[in-house]
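Single-letter residue listing:
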Amino acid sequence: MRKRVLGSTGLLVSELGLGTWGLSGDGYAAIPEAEQDAIIDRALALGVTLIETADSYAKGEMETRLGKRLEKHEDVVLVTKLGTDRDASPARKSFAPAFLRDSFERSRERLKREVIDVLLLHNPSERSLERGEATALLEELKAAGAIRAWGASVEGMDAARSAIKQGAQVIELAHNAFHSRILRQLATELRAPNIGVLARSVLAHGLLCGQWPTDKQFASTDHRAERWTSDDLKRRISQLNAVRPCVNGTTVTSLRSAALRFVLSNELVTSAVLGPRSALQLDQLVRDSGREPPYLSEEAIEALMIRLDNVGISA
Ligand SMILES: NC(=O)c1ccc[n+]([C@@H]2O[C@H](COP(=O)([O-])OP(=O)(O)OC[C@H]3O[C@@H](n4cnc5c(N)ncnc54)[C@H](OP(=O)(O)O)[C@@H]3O)[C@@H](O)[C@H]2O)c1
């Protein structure tokens, strides 16, 4: 597994990371515990050294699982996220320093790590970042040696910009062939201070694998049921035709491979945070990523951007 340096943190991490939301039962359907463990173990065996989680995933259970599973894997860089109060009803976002401090202590205990490698604010708004008190707390934790680096997992451009302005060393954001505009537009702001980028949703929640029928249905508990109307989904599936010419049958053998290679081709990306829901899916993702550059040639990417623009997806 190839490695990249996580921006100015100096941490060396595998360019494919394991995200654990999909294992947690939140967002997608539940996965048996034995399969969750099998996926984590398989990731380690394949050389994954970056694992991403959040204190809210399965109400803390995912961190507890990782704490047990990774006890003998000090070399694995753990990224966790704080800022969701799941004890409140309904659950709500909170970036108040006192809440974050308590959350951090609970995460540290569950993860069984004295020092947390990377601590991110979990989907903060631009406004909560602008206030500066949450990021000041993270800076304080870093100065005290309780974390190695901090940043934010963001949903949009404004929050990303605000996190960068506050001094984030790591930004996590959705980045894939259908959704690459934010990373492109932030390129200069990310490059100058050497900010590490964790790209998530690299398969657009599975859409980019191109394996769904046009009338694909999701269980009501699956976040994808809310994400697309049936017409949206049909349109998105038809837009995959713009990606198909990337598949050449020799190196790029599938749409899934093209999607992964698109993300890994971007030198701003440190690690693609994968969301496999079985050990088999993880094996396929690692195999299809291509393992080494060139993932996709510059010409292939340029041609892809033009085709995407032609189907209404502008970069
Ligand atoms: N705000 C945040 O911080 C945030 C937000 C989103 C995600 N994340 C992190 O990023 C990780 C990944 O993101 P994601 O779940 O949004 O998206 P993703 O990686 O784009 O998609 C995951 C989905 O892709 C499908 N898939 C995975 N491997 C496959 C394979 N080999 N063949 C076919 N389909 C495959 C699975 O769908 P099926 O279940 O249908 O098989 C899976 O649920 C999450 O687990 C989470 O840790 C963080």
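## Things to note about the overall build of the protein chain
Reasoning step 1: In terms of helices and strands, the protein chain carries 14 helices and 12 strands.
Reasoning step 2: Its C-alpha radius of gyration of 19 Å places the protein chain within 12% of the 20 Å reference for a compact globule of 315 residues.
Reasoning step 3: For the protein chain, the proportion of its 315 residues judged to be buried stands at 56%.
Reasoning step 4: Looking at the protein chain alone, contacts between residues at least 24 apart form 74% of all its contacts between residues at least 6 apart.
Reasoning step 5: Averaged over its 42 positive side-chain charges, the protein chain has a centre that lies 2 Å from the centre of its 42 negative ones.

## Side note on helix 13 (residues 279-288)
Reasoning step 1: Among the residues of helix 13, Ala279, Leu282, Leu285, Val286 and Asp288 are the ones counted as buried.
Reasoning step 2: On its buried face, helix 13 sits against strand 3 (16-19), helix 2 (33-45), helix 12 (255-264) and strand 12 (271-274).
Reasoning step 3: Of the residues one or two after helix 13, Gly290 is the one with positive phi, at around 95°.

## A word on the site of the ligand
Reasoning step 1: Neighbouring the ligand are 30 residues, the closest being Tyr28, Glu52, Ser153, Ser201 and Gln281.
Reasoning step 2: Within the backbone of Thr20, one N or O atom sits 3.0 Å away from an oxygen atom of the ligand.
Reasoning step 3: Within the side chain of Gln281, a nitrogen or oxygen atom sits 2.8 Å from an oxygen atom of the ligand.
Reasoning step 4: Isolated, the ligand exposes 900 Å² of accessible area, and the fraction of that covered by the protein chains is 91%.
Reasoning step 5: Here the element with the most residues in the shell around the ligand is helix 13; it accounts for three residues.

What counts as what
Residues numbered from 1 in each chain as written. Predicted model: local features only at pLDDT ≥ 70, side-chain atom pairs only at ≥ 80, totals over all residues. Heavy atoms only, no water. Helix = DSSP H or I, 4+ residues; strand = E, 2+ residues; numbered from the N terminus. Rg over C-alpha atoms; globule rule 2.2 N^0.38 Å. Buried < 20%, exposed > 50% of the residue type's maximum accessible area, 1.4 Å probe, protein only. Contact = heavy atoms within 4.5 Å. Lys, Arg positive; Asp, Glu negative; His and termini not counted. Charge placed at Lys NZ, Arg CZ, Asp CG, Glu CD. Near = heavy atom within 4 Å. Polar contact = N/O pair within 3.5 Å; in protein donor to acceptor, adjacent residues only side chain to side chain. Areas by Shrake-Rupley, 256 points an atom, 1.4 Å probe, with all protein chains shown as cover.

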